[in-house]
Amino acid sequence: RSGLLGKPVHLKTMTSWRRAETYYTLSTWKGRMKDAQGFPVRDSILSNATAHYMHNMFFLLDDEAADFDGVFARSNDIETFDTAIIHGSFRKGGQFTYVASHSAEVESNPRWTYEFENAVVTYDSNGDGDIRAIFHDGTEKNYGSGSSLKTTSQKDFYMAESVEKGIPVRCSVEQIMPFTHLCEQVFNHPEQFQVFPKSLVHISEDKIHLVTGLYEIMERCYTEGR
């Protein structure tokens, strides 16, 4: 927000976390639109497991989606979806691409590439987990680890500090709303949720539904930003 990186050009993220059938069957709410009492749950890979990586793009830019299109599909016997690929644009300029699935054959932890006017910022938790900005003049800035226990546990200390000292939390309700609004737009149209053809789905020994060729498609969408 200080302007160091320049205006956003294209922010994209990808996660491939496989989940067994029990991830859904041992829960009363995962993958459901509503709970047993009829209250809205709207759980999915987008709104739960990989929510952070969509939200982070809005949070970082203090922006929201102007428009977007997506593919939402499931291989598991759930009401919502276990795979989502979304591409859209921000209101203040620039594009975003979000790619995530619980049904791909390859397990791959979160990574992202944020392209700005002045630099490209990358993070890959499959590697050393450092967040790096490489500027167009060749200089590099390392923001440190985004995956270490010290980093991921900071939120607990920040929340405790907020309670003890009465200071605002680092991420306000208002800053969460752009992500929530996008999710609401998706869930308002359940008719667009697709089911993977059974001919493409095979179930592993540990009861994970895997879609043949899905990971390759995800890689292309992430790499090409579409």
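Here, the structure is the one placed above.
Residues numbered from 1 in each chain as written. Predicted model: local features only at pLDDT ≥ 70, side-chain atom pairs only at ≥ 80, totals over all residues. Heavy atoms only, no water.

1. Quick look at the pattern of salt bridges
Which entries qualify depends on this criterion: Salt bridges, as used here, are contacts in which a Lys or Arg side-chain nitrogen is within 4 Å of a carboxyl oxygen on Asp or Glu. Per the convention used, a helix needs a DSSP run of H or I reaching at least four residues, while a strand needs a run of E reaching at least two, with both numbered from the N terminus. Any residue under 20% of the maximum accessible area for its type is buried, any over 50% is exposed, and the rest in between are partly exposed; the area is computed with a 1.4 Å probe on protein chains only.
The final tally for this structure, using the stated rule, is 11 salt bridges. E184 is the partner of R42 in a salt bridge, and the nearest nitrogen-oxygen pair spans 3.2 Å. Placement of the pair is R42 in the loop between α1 (22-25) and α2 (51-61) and E184 in helix α5 (residues 173-187), with a sequence separation of 142 residues. Classification of E184 by relative accessible area gives partly exposed; the value is 36%. Measuring nitrogen to oxygen at the nearest pair gives 2.7 Å for the salt bridge that ties R132 to D128.

2. Description of the sheet that holds strand β5 (residues 108-116)
The following threshold applies: Strand pairing is assigned whenever DSSP identifies at least 2 bridges connecting the two strands. All axes here are fitted lines through C-alpha atoms, helices being fitted over the stretch that makes contact, and every angle between N-to-C directions spans 0 to 180 degrees.
Read from one edge of the open sheet, 9 strands run β8-β7-β6-β5-β1-β4-β3-β2-β9, paired in mixed fashion. Two strands lie at the open edges of the sheet, namely β8 (140-145) and β9 (193-195), each paired on one side alone. Direction aside, neighbouring strands of the sheet carry axes that sit 10° apart on average. Examined bridge by bridge, β5 and strand β6 (residues 119-124) share 5 bridges and lie antiparallel to one another. Within β6, the position partnered with T113 by the bridge is T122.

3. Focus: the pairing of β5
Summarising burial for β5: 7 of the 9 residues are buried, a large majority. Pairing of strand β1 (residues 8-16) with β5, which is carried by 7 bridges, proceeds in the antiparallel orientation. Opposite H10, over in β5, you have E115 as the bridge partner. A loop of 2 residues connects β5 with β6, the two strands running antiparallel in sequence.

4. Some remarks on the layout of surface pockets
To be explicit about the condition: Every definition here rests on a 1 Å grid over the protein atoms only: cavities are sets of points where a 1.4 Å probe fits but cannot get out, pockets are open sets enclosed by protein on both sides within 12 Å along at least five of seven lines, and lining residues have some atom within 4 Å of a point. Grid points are joined across faces, edges and corners, and a volume is the space filled by probe spheres set on the points. Residue polarity follows a fixed list, in which Ala, Val, Leu, Ile, Met, Phe, Trp, Tyr, Cys and Pro are nonpolar, Asp, Glu, Lys and Arg are charged, and the others, Gly among them, are polar.
Within this model, the largest pocket holds a volume of roughly 1900 Å³. The wall of the largest pocket is formed by 40 residues, among which N56, F59, L60, W112 and I131 lie closest to the centre. Residue classes in the lining of the largest pocket are distributed as 21 nonpolar, 14 polar and 5 charged. Counted as a void, the second largest pocket has a volume near 250 Å³. Together, 17 residues line the second largest pocket, and V71, I85, L214, I217 and C221 are the ones closest to its centre. Secondary-structure elements contributing two or more residues to the lining of the second largest pocket are β2 (65-74), β3 (83-90) and α6 (214-224).

5. Brief notes about the nonpolar core
Heads up, the condition is: What we call a nonpolar core is a set of buried Ala, Val, Leu, Ile, Met, Phe, Trp, Tyr and Cys residues that are connected through their side-chain atoms within 4.5 Å. Here, residues are in contact when the closest pair of their heavy atoms is within 4.5 Å.
Judged by nonpolar contacts, the single largest core of 34 residues is most densely connected at L46, M54, F81, F96 and L182. Every element with two or more residues in this core is listed here: α2, β2, β3, β4 (95-101), β5, β6, β7 (130-135) and α5. Those residues in contact with F81, other than ones at most four positions away along the chain, are S44, I45, L46, F72, A73, R74, V186, F187 and F193. In this structure, I85, V99, F196 and Y215 belong to the second largest nonpolar core, which totals 12 residues.

6. Considering the side chain of S125
Along the polypeptide, S125 turns up in the loop between β6 and β7. Once residues lying within four places of it in the same chain are set aside, the contact partners of S125 are N109, P110 and S147.

7. Details of unusual backbone geometry
For R42, which is not a glycine, the phi torsion comes out positive at approximately 55°. Looking at R42, the relative accessible area reads 22%, which means it is partly exposed. Positioned with a positive phi, K207 is a non-glycine residue whose angle comes to about 60°. Positionally, K207 belongs in the loop between β10 (201-203) and β11 (209-211).

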